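# Geometric and topological summary
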Protein chains: 2
Amino acid sequence: MNRRPPTLSDVARRAGVSYATADRVVNGRAGVSEKAARNVQAAIEDLGYVRNVAAANLSQQRLYRFAIVLPAGSNGFFQRMQALFAEAASRLLADRVSLQVESVEAFDPEALTSRMTALAEAPLDGVALVASDDERTAAGIAALRAREIPVVTLVSDLPGSQRNAYVGIDNVVAGRTVGRLIRMAHGGRRGRVLPVVGALSARDHAERLSGMREVLGDDFEIAPVLEGRDRHEMVETLVGLALADDPEITAIYSAGAGNAGLVRLLEALPPDAARPYVFLHELVPHSRRALEEGRIDVIIDQRPEEEVARVVEHLTLLADRRALVRTDPIVPTIFLRENLPQAQADALEAAG
Amino acid sequence: MNRRPPTLSDVARRAGVSYATADRVVNGRAGVSEKAARNVQAAIEDLGYVRNVAAANLSQQRLYRFAIVLPAGSNGFFQRMQALFAEAASRLLADRVSLQVESVEAFDPEALTSRMTALAEAPLDGVALVASDDERTAAGIAALRAREIPVVTLVSDLPGSQRNAYVGIDNVVAGRTVGRLIRMAHGGRRGRVLPVVGALSARDHAERLSGMREVLGDDFEIAPVLEGRDRHEMVETLVGLALADDPEITAIYSAGAGNAGLVRLLEALPPDAARPYVFLHELVPHSRRALEEGRIDVIIDQRPEEEVARVVEHLTLLADRRALVRTDPIVPTIFLRENLPQAQADALEAAG
DNA sequence: CGAAATTTGATAGACGTCTATCAAGACCCG
DNA sequence: CGGGTCTTGATAGACGTCTATCAAATTTCG
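Reference entry: report on the structure contained in this document. Computed from a predicted model, the values in this text were never measured in an experiment.

### Focus on the overall build of chain A
On a plain count of helices and strands, chain A comes out with 14 helices and 12 strands. Seen through its C-alpha atoms, chain A measures out along the principal axes to roughly 85 × 50 × 40 Å. Counting all 352 residues of chain A, 49% fall into the buried class. Pairs at least 24 apart in sequence give 67% of the contacts found in chain A among residues at least 6 apart.

### A short note on the packing of helix H1 (residues 8-15) of chain A against helix H2 (residues 19-26) of chain A
Residues and elements named next belong to chain A. Running from N to C, H1 and H2 cross one another at 110°; their axes reach a closest spacing of 8 Å. For the element pair H1 / H2, the angle class is roughly perpendicular. In this structure, H1 contributes Leu8, Ser9 and Ala12 to the contact, and H2 contributes Tyr19, Ala22, Asp23 and Val26.

### Points about the packing of aromatic side chains
Residue and element names in this part refer to chain A. This model, assessed by the stated rule, comprises 4 aromatic pairs over all chains. With a centroid separation of 6.0 Å and 40° between ring planes, the pair formed by tyrosine 64 and phenylalanine 66 is classed as tilted. The class for tyrosine 64 is buried, based on a relative accessible area of 6%. Residue classification places phenylalanine 66 among the buried positions, given a relative accessible area of 0%. For arginine 62, the ring lying beneath its charged end belongs to tyrosine 64, and the centroid distance is 4.4 Å.

### Considerations on helix H8 (residues 171-185) of chain B
Residues and elements named next belong to chain B. The end-to-end C-alpha distance of H8 is 21 Å, a good match for the 21 Å that 15 residues give at a rise of 1.5 Å each. The opening residue of H8 is aspartate 170, an N-cap whose side-chain oxygen sits 2.9 Å from the backbone nitrogen of valine 172. Two residues or fewer past H8, glycine 187 is found with a positive phi of approximately 50°.

### Points about the relation of the copies chain A and chain B
Here the two chain copies are tied together by a rotation about an axis and a shift along that axis. Overlay of chain A on chain B (RMSD 0.1 Å): rotation 180°, translation along the axis 0.0 Å. Both chain copies can therefore be described as sitting about a two-fold axis. Both copies contact each other with a shared surface, as 100% of the interface residues of chain A are interface residues in chain B too.

### Quick word on the pairing of strand S3 (residues 126-129) of chain A
Residues and elements named next belong to chain A. On S3, burial covers both faces: Gly126 and Ala128 on one face and Val127 and Leu129 on the other are all buried. Note: S3 against strand S4 (residues 151-154), 3 bridges, orientation parallel. The residue of S4 that forms the bridge with leucine 129 is threonine 153. Note that the unit made of S3, helix H7 (residues 135-146) and S4 has a crossover that is right-handed.

### With respect to the pattern of salt bridges
Applying the stated rule across the entire model yields 63 salt bridges over all chains. One salt bridge in this structure joins A:Arg295 and A:Glu293, with 3.2 Å as the shortest N-O distance. The exposure class assigned to A:Glu293 is partly exposed, which follows from its relative accessible area of 42%. Residues joined in a network through salt bridges with shared partners are A:Arg303, B:Glu306, B:Arg310 and B:Asp328.

### Structural notes on the protein's contact with DNA strand D
In the region of DNA strand D, 27 residues are neighbours, and A:Ser18, A:Thr21, A:Ser33, B:Leu8 and B:Tyr49 sit closest. One of the side-chain nitrogen or oxygen atoms of B:Arg51 is found 2.9 Å away from a phosphate oxygen of DNA strand D. Here a base nitrogen of DNA strand D sits 3.3 Å away from a polar atom, N or O, in the main chain of B:Ala55. At the level of secondary structure, the elements contributing two or more residues to the surface near DNA strand D comprise H2 and helix H4 (53-60) of chain A together with helix H2 (19-26) and helix H4 (53-60) of chain B. Among the elements that line the surface near DNA strand D, the one with the most residues is H4(B), at 4 residues.

### Here's the deal with the side chain of B:Asn339
With respect to the helices, strands and loops of the structure, B:Asn339 is situated in the loop between strand S12 (333-335) and helix H14 (343-351). B:Asn339 sits in the buried class, given a relative accessible area of 1%. A polar contact is formed between the side chain of B:Asn339 and the backbone oxygen of A:Pro332, at a distance of 3.2 Å. Separated by 2.7 Å, the side chain of B:Asn339 and the backbone nitrogen of B:Leu336 make a polar contact. Contact partners of B:Asn339, with chain neighbours within four places excluded, come to A:Val173, A:Thr177, A:Val331, A:Pro332, A:Ile334 and B:Ile334.

### Notes on the side chain of A:Asp246
Mapped onto the secondary structure, A:Asp246 falls in the loop between helix H10 (232-245) and strand S9 (251-254). Overall, A:Asp246 belongs to the buried group, its relative accessible area being 13%.

The rules behind each value
Residues numbered from 1 in each chain as written. Chains lettered and ligands numbered in written order. Predicted model: local features only at pLDDT ≥ 70, side-chain atom pairs only at ≥ 80, totals over all residues. Heavy atoms only, no water. Helix = DSSP H or I, 4+ residues; strand = E, 2+ residues; numbered from the N terminus. Buried < 20%, exposed > 50% of the residue type's maximum accessible area, 1.4 Å probe, protein only. Contact = heavy atoms within 4.5 Å. Axes fitted to C-alpha atoms, helices over the stretch in contact; angles between N-to-C directions. Parallel < 35°, antiparallel > 145°, perpendicular 65-115°, else oblique. Phe/Tyr/Trp six-rings, centres within 6.5 Å; stacked < 30°, edge-to-face > 60°. Lys NZ or Arg CZ within 6 Å of the ring centre and 35° of its normal. Expected span 1.5 Å × (residues − 1). Polar contact = N/O pair within 3.5 Å; in protein donor to acceptor, adjacent residues only side chain to side chain. Least-squares fit on C-alpha atoms with pLDDT ≥ 70 in both. Pairing = 2+ DSSP bridges. Right-handed = clockwise from strand over helix to strand, strands pointing away. Salt bridge = Lys/Arg side-chain N within 4 Å of Asp/Glu carboxyl O. Near = heavy atom within 4 Å.

Shown next, in the form of C-alpha cells:
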C-alpha cells in the first residue's frame, strides 16, 4: 500500500530489456522489434506503470506558451474573463505555463486577423480566441494551424474553420433554457415576450432567440426583436420605448450585452409597480446587483471560470498532441437571487 | 518572452548568497541572518522566481495518499460520486496522488467510526468523509487530527468538529433556491407545497426545508412533512397517500433521497393529467430520465464533479500545510430539461 | 580577547525521465 | 560468408529542487 510507484527502470527489468529499449517503446521511437515492444507493454500493465509527469516535465524543460485574445472594451463579461485569465496565469506560473492575455478591438475582424497573423510568427504552443463570424478569422486560424499552433475558440465558435476545439455554451441550449424559465414564470398562462439582442446577424444572439422560440412555441407571442448593438444607452432607449408602446409585455429576454442600460431602466420604474419578468445573460457586477435587488429575475451564466479552466486544459493537451477530454459544451447555469455564488463578489472586487 | 524561467540558483546569484542560503530561505529552515533573508526575498521578487513544482515533487518523491469514505448502498448520488472518485483516482496516478475509496454502511455512525479509527493507524496524508451528525464521528475526526491527518467533510458537514474544511452545498441556500423556483412556477398565484424528506432529524434535510420556508413565507401553505427514510418504497407510498388525500397540492419538494419511488408514482399518473410541480435533488439516472420525460420540473444538483475536484484540491493543500483557496460553499445548480449536461449520460454509462 | 555559537558556502547525491551517442549483437541478402 | 541494416544495451548528462554534510567565516558574549 505504501510502496514506491514503479519507474521505467522497473519496467525494463521486468520486461527483460534495457532501459533504452523500454524508453524507445514508451516514447514511440523507432528501432524496436515487435516482440520487445510487446514485452514492454506487458510489463507496463503488470506493474501498473504510469509515467511520472513531474520528472518528464522537468527533464524536458517543457514550457507552455499560450496566447489568449479577448475583445477589449468595457464589456463586463470580458472584463471578468480577463481577470480570470490573469488569475489563472499567476497560478499556472508554477506549472511552467505562461498565458499571454491580449486585447483586440471588439467587433473588428480586421484587427483580430492582423493580431493572429502576428501570433503565427511568435513562438507559441497554442492560441485561444473569441472568434468573430468572418472569413478572415477563419483564414487567421488556418495560418496558425499551418504553423502547427493549436487553436481553441472561446465563447463564440467558428464551426467551419480549422479550430481544434470550442469552449463555450451551446447558445440554442441557453435559449431553450430561458424559454423553459419563461414558461415556468408564467405558471401556465400565456404571455408576450420582448426579445433584445445586440444584432440579429450575430450568430450567438440569433441562436439564443431561436432556442427560446422552440420552447415557447405558439403559446407565447413574441414582440418585434430589438437590436441594441450591445450598447447600454441604445438598449435603454429601445426597451423604454417598447415597454411604453406595448403594455402587454410580460417578459423581457435580453440575449446580448448592454444590459447596464436595461438595469437602469428597471431601476427607474416605481418600486412596487408590476414589471415584466426579466431574463438576461452573464453574471457581472451590475446584473448581480440587479438580481440581488429583485429588479431582474434570472441570470443565465456561461461560467467563465469553468471556461478558463477548460481552455487551459485543452491547450495543454493539444500542445502535447494528446486527446482532448470533456469536449461537451459548457452547461449554461441559472442564477436566481438565492443561489448567487458567494465568492464572486470578493473576486470581482479583488480584480478591481 | 521566451527565456528560461529563473531558478533558485539565479536567485542566489542575484542576492549575492550561496545556493544553500537561498534554499534555507525558501524552505524556511533556520540559520539565516535577517539581512540575507531580505536579500533573497528581494531577488525572488525581482526575478519573479516561482518554485518549479515538477522538480520539487520529483526530488521529494512526494506521495499523496488520501482515503475517501463514502456511504455504501444503492443511493444513486453516492454511486455517481464513487464513480467520479474512481475516475479521478486513475487520472491522478500520474501526479503521484493515490485515492483509496472506501464504503461504509450508510446511516451507521458506529461503522464509520471504526473505519476512521482504522484509518488513523494507516500511513495517510488526508481523509475525506461524509460526516454523520454524531458525537462518535466527531471523536473519529479528532483521532485523525491527533495523528496529523487532515480531514475534509464532504456533502454533509459536522461544524463543531475538528474537520479542516467542508466541501458541499449550503443546504439553506439550496432550499431557498427551490423556494424561489416554486414561487416562479406559480406565476404569482398561491399554492400548497408538499415537503418530503428522509427524516426531519437529518440536519441537511431540515435546513433545506427551512430555506424553502424562508422564501415562501406566508404566501404558500405547507402540507405536513413526509418522512420517507430515503427509501423509495416508502416515499412512493407516502406521497401517493398524501396526493390522494390532499388534492390542493400544487408542488412537491423532495429534499431527500428515495426519489426513484416518487418518479415511479409520477409515471403511473395518466399522461395528460395535471400534476403538481416537482422539485428534487441530485442528478442521477432516474431523476434525469424523469426530467427528460417531463415528469418532474427541476433538479437541484450539488455538482459532485466539482466537489470531487475540490476535495482533492483541499486535501493536497492541507497535506502540504498550505492555505486553502476557494472555501466558499458549492453553489447548488438548477437543471431543467433544457440545460441537462450532455456528457453526463455517457459518463454514467461508462461507469457502469 | 578568546571560546562558543551562529551563519554561510561549497558541494554531492538523489528523484525519474529524456536525449543522445557509441558499440555490440542479431539478422538479412546476395 | 561478407557486408549491410536493424535492434539492443550501456551509459552519461541534463532538468531544478531537496537534503545533508563539512568546513570556513562571521558574530556573540563572557
